[in-house]
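Listed below, chain by chain, are the residues.
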Amino acid sequence: MKYLPLLIIAGTFIAVSCSQPAKQEAEKKDSSVAKPKVFVPDFNSDSALAFVKAQLAFGPRVPNTPAHSKCAAYLIDEMKKYTPEVAVQKGEIYAYNKTSLKFQNIIASWKPETKNRILLCAHWDSRPWADHDPDAKNRRKPVDGANDGASGVGILLEVARQLSIKAPPIGIDLILFDVEDYGPHQEETADNSNDQWGLGAQYWSKNPHKADYSAKYGILLDMTGAPNATFYQEGISMQYAADIVKSVWSTANRIGYSSSFLEEPGNQITDDHVPINTIRNIPTIDIIHQDKNSATGFYPYWHTTGDTFDKIDKNTLKVVGQTLLTVIFEEQ
Ligand code: AHN
Ligand code: ZN
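About the cut-offs
Residues numbered from 1 in each chain as written. Chains lettered and ligands numbered in written order. Predicted model: local features only at pLDDT ≥ 70, side-chain atom pairs only at ≥ 80, totals over all residues. Heavy atoms only, no water. Donors = N, O, S within 2.8 Å, 3.2 Å for Na, K, Ca; no water. Helix = DSSP H or I, 4+ residues; strand = E, 2+ residues; numbered from the N terminus. Near = heavy atom within 4 Å. Polar contact = N/O pair within 3.5 Å; in protein donor to acceptor, adjacent residues only side chain to side chain. Nonpolar A, V, L, I, M, F, W, Y, C, P; charged D, E, K, R; others polar. Salt bridge = Lys/Arg side-chain N within 4 Å of Asp/Glu carboxyl O. Buried < 20%, exposed > 50% of the residue type's maximum accessible area, 1.4 Å probe, protein only. Axes fitted to C-alpha atoms, helices over the stretch in contact; angles between N-to-C directions. Parallel < 35°, antiparallel > 145°, perpendicular 65-115°, else oblique. Contact = heavy atoms within 4.5 Å. Pairing = 2+ DSSP bridges.

**Student:** Quick one: what's the story with the coordination of the zinc ion (ligand 2), residue by residue and with numbers?
**Tutor:** Bound to the zinc ion (ligand 2) are the protein donor atoms Asp 148 (OD), Asp 181 (OD), Asp 181 (OD) and His 303 (NE2), situated 1.9 to 2.6 Å from the metal. Expressed as a motif, the donor residue spacing for the zinc ion (ligand 2) is D-x32-D-x121-H. Of this pair, Asp 148 sits in helix α5 (residues 146–165) while His 303 is found in the loop between β8 (284–288) and α9 (314–329), placing the two residues 155 residues apart along the sequence.

**Student:** An account of the site of ligand 1 is requested, with residue identities and associated values reported.
**Tutor:** Around ligand 1 sit Asp 148, Glu 180, Asp 181, Trp 197, Asp 222, Met 223, Thr 270, Trp 302 and His 303, and that is every residue in its neighbourhood. Here Asp 181 contributes a side-chain N or O atom positioned 3.0 Å from a nitrogen atom of ligand 1. Residue Thr 270 places a main-chain N or O atom 3.1 Å away from a nitrogen atom belonging to ligand 1. A per-class count over the shell around ligand 1 returns three nonpolar, two polar and four charged.

**Student:** Go over the pattern of salt bridges, please, and point to the residues and values.
**Tutor:** On inspection of all chains with the given rule, the structure shows 12 salt bridges. Across the salt bridge formed by Arg 127 and Asp 131, the nearest N and O atoms sit 2.7 Å from each other. A relative accessible area of 1% places Arg 127 in the buried class. Asp 131 sits in the buried class, given a relative accessible area of 5%. Ionic pairing is found between Asp 135 and Lys 137, a salt bridge with its closest N-O pair at 3.3 Å. Of the residues examined, Asp 135 reaches a relative accessible area of 29% and is grouped as partly exposed. Residue Lys 137 is classed as exposed on the basis of its relative accessible area of 68%.

**Student:** Can you lay out the environment of Lys 115 for me, pointing to particular residues and giving the numbers?
**Tutor:** Inspection of the secondary structure assignment puts Lys 115 in the loop between β2 (100–110) and β3 (117–123). Once the C-alpha coordinates of Lys 115 and Ser 214 are considered, the two residues, 99 residues apart in sequence, prove to be 7.9 Å apart.

**Student:** Can you explain the packing of helix α3 (residues 45–56) against helix α4 (residues 66–82)? Please cite residues and give values.
**Tutor:** Relative orientation of the contacting elements α3 and α4 amounts to 150°, with a least axis distance of 10 Å. By the criterion of interaxial angle, the relationship of α3 to α4 is roughly antiparallel. From α3, Phe 51, Ala 54 and Gln 55 reach across to α4, where they touch Cys 71, Tyr 74, Leu 75, Glu 78 and Tyr 82. Its residues placed into classes, the contact of α3 with α4 shows six nonpolar, one polar and one charged.

**Student:** So what's going on with the pairing of strand β5 (residues 217–222)? Residues and values would help.
**Tutor:** Of all six residues in β5, six are buried, a share of seventy percent or more. Burial of the side chains of β5 extends over both faces: Tyr 217, Ile 219 and Leu 221 are buried on one face and Gly 218, Leu 220 and Asp 222 on the other. As judged from the four bridges shared by β3 and β5, these two strands associate in the parallel manner. Following the sheet pairing, Cys 121 is matched in β5 by Leu 220. Here β5 pairs with β8 via five bridges, running parallel. Across the sheet, the residue bridging to Leu 221 is Ile 287, located in β8.

Structure below.
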């Protein structure tokens with residue numbers, strides 16, 4: 001408490017040379033406040049929004065459909081514009097209902113030779129069934145997945161474009177995971193165990209694109225495009241990577257996004273970060289929109305036919321994308 005006024009001064013006028021010893025002392029006390037003064041690119045939310053729209057133009061990206069394979073080709077081509085290091089992991093996996101699904105995990109890397117690296121990821125497939133739709137007639141229809149899938153991928157494509165303009169200070173891997181959202185239909189089975197979701201991420205965690213792949217930490221984006229999205233500190237992230245959660249939330253708050261990045265606990269969510277934490281042993285957090293006032297705990301259109309492009313708010317893309325760029329460029 002004693003140092004608070006000095007910390008605020010140090011944070012605000014960090015570029016001003018610190019001649020008073022007291023101020024320098026204050027900076028040393030809390031390294032999370034005294035961030036290096038570095039250039040951080042400006043995340044372009046119009047560009048990110050266009051990347052979201054481009055994915056939706058293929059239709060729902062449901063595994064084993066033409067829209068799914070066309071969108072994979074688009075994502076690979078797009079990533080290749082921004083880095084020569086693009087790996088595609090292809091294979092077949094079985095869904096909970098024994099359906100064989102062709103999948104493609106897409107991995108784009110910067111500074112592949114560097115051991116000091118971070119991993120950013122999102123899922124690019126969309127859910128085959130809108131099983132939470134308010135209208136029962138829609139519950140076997142596919143989900144557009146504007147927010148649930150495409151929003152996180154759109155942000156990562158814009159991050160990729162920015163990294164092609166200004167190289168990051170550390171190694172970066174962007175992974176677009178497939179087959180996250182093929183978990184059991186609500187009406188089909190009561191067995192909703194963890195390992196039926198995130199099948200692409202499970203595969204990669206067991207068979208990384210490079211033998212012995214590791215990273216300092218990982219950040220997963222899920223449902224990062226709804227208006228006024230609220231990101232609580234998700235439970236599994238706190239269990240495996242509390243220090244990363246705290247530092248990312250502190251960065252977001254420092255750059256002005258405290259109304260989105262709430263420093264309050266959220267529920268535990270089964271998501272792609274689970275196998276990365278438990279199988280790959282990389283501490284990985286999930287930036288995921290949770291809504292304490294909705295019946296499902298997620299945004300209102302979650303797993304409904306209403307998860308469409310018109311619901312995406314580019315301000316939320318900006319909040320998340322600018323936070324990621326700040327985290328990346330303040331690394332060293
Ligand atoms: C569960 O419904 C348990 N997890 C959902 C993870 C998810 C689905 N994220 C997006 N779609
Ligand atoms: Zn989903």
